[in-house]
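One letter stands for each residue in the lines below.
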Amino acid sequence: MTASGLAAARGARILFTGVTFEARAGEAIVLRGANGAGKTTLLRILAGLTQAGAGTVERSVPHHWFGHREGLKPHETPLSHLKLWEKAWGGAGAQAAVQRMGLDRPKSVPAQMLSAGQRRRSALGRLLLVDRPLWLLDEPFSALDDAGRTLVRDLIAEHRSEGGAVVAAIHGEAGFEATREVLL
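The model shown is predicted, which means the values in this text are computed figures rather than measured ones. (Residues numbered from 1 in each chain as written. Predicted model: local features only at pLDDT ≥ 70, side-chain atom pairs only at ≥ 80, totals over all residues. Heavy atoms only, no water.)

Draft legend 1. Structural view of the overall build of the protein chain. Tallying secondary structure elements over the protein chain gives five helices and eight strands in all. By the compact-globule yardstick of 16 Å for 184 residues, the protein chain fits well, its C-alpha radius of gyration being 16 Å. Oriented by its inertia axes, the alpha-carbon framework of the protein chain measures out at about 45 × 35 × 30 Å. Element-wise, carbon and sulfur atoms account for 50% of the exposed surface of the protein chain, whose accessible area totals about 9,000 Å². When the 23 positive and 18 negative side-chain charges of the protein chain are each reduced to one mean point, those points stand 7 Å apart. (Helix = DSSP H or I, 4+ residues; strand = E, 2+ residues; numbered from the N terminus. Rg over C-alpha atoms; globule rule 2.2 N^0.38 Å. Areas by Shrake-Rupley, 256 points an atom, 1.4 Å probe, with all protein chains shown as cover. Lys, Arg positive; Asp, Glu negative; His and termini not counted. Charge placed at Lys NZ, Arg CZ, Asp CG, Glu CD.)

So this is what it looks like as structure tokens:
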């Protein structure tokens, strides 16, 4: 994926201009900036969910989008959520994703009864259902405990070692070695 000369505004306020970078196989790019700087907007542009004010994005590989909201309905359990996406995408491994994400115990508990970290892990499990070379992650460590953050770092490392690329908006320490940082 290549981003060239991207710009975005929110109302009359310019968020960023001239953002250019390339995410190649095995790389991890960290987006940094204060709250409201445009990190989520940039990720949404990269995912094709929001139009840039200027510039272009070339997407040469399929991607996963992981945003702020987990996307679980209140009645969905971690297992039913992942089975739904497994069926929609034609992927496999919902049960394996539940196990890998440490959700065996709450796999049948409705989302409205889960902790924020358990909902986050459930949503992150979608990354494991179908192989997509590019992961666009918006605050993937949010609401996770130490074990959850370690799990996500391990997933990112494995994805990169298999030739995948990651672009992630991160507050604080990334916890993984970034190829480069983009400051907004």
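Draft legend 2. Fine view of helix α5 (residues 146-161). Taking 1.5 Å per residue as the helical rise, α5 with its 16 residues ought to reach 22 Å, and the 22 Å between its terminal C-alpha atoms agrees with that figure. Regarding α5, the residues found buried are Gly148, Leu151, Val152, Leu155, Ile156, His159 and Arg160. Next to the buried residues of α5 lie β3 (28-32), α3 (94-100), α4 (116-124), β6 (134-138) and β7 (165-169). (Expected span 1.5 Å × (residues − 1). Buried < 20%, exposed > 50% of the residue type's maximum accessible area, 1.4 Å probe, protein only. Contact = heavy atoms within 4.5 Å.)

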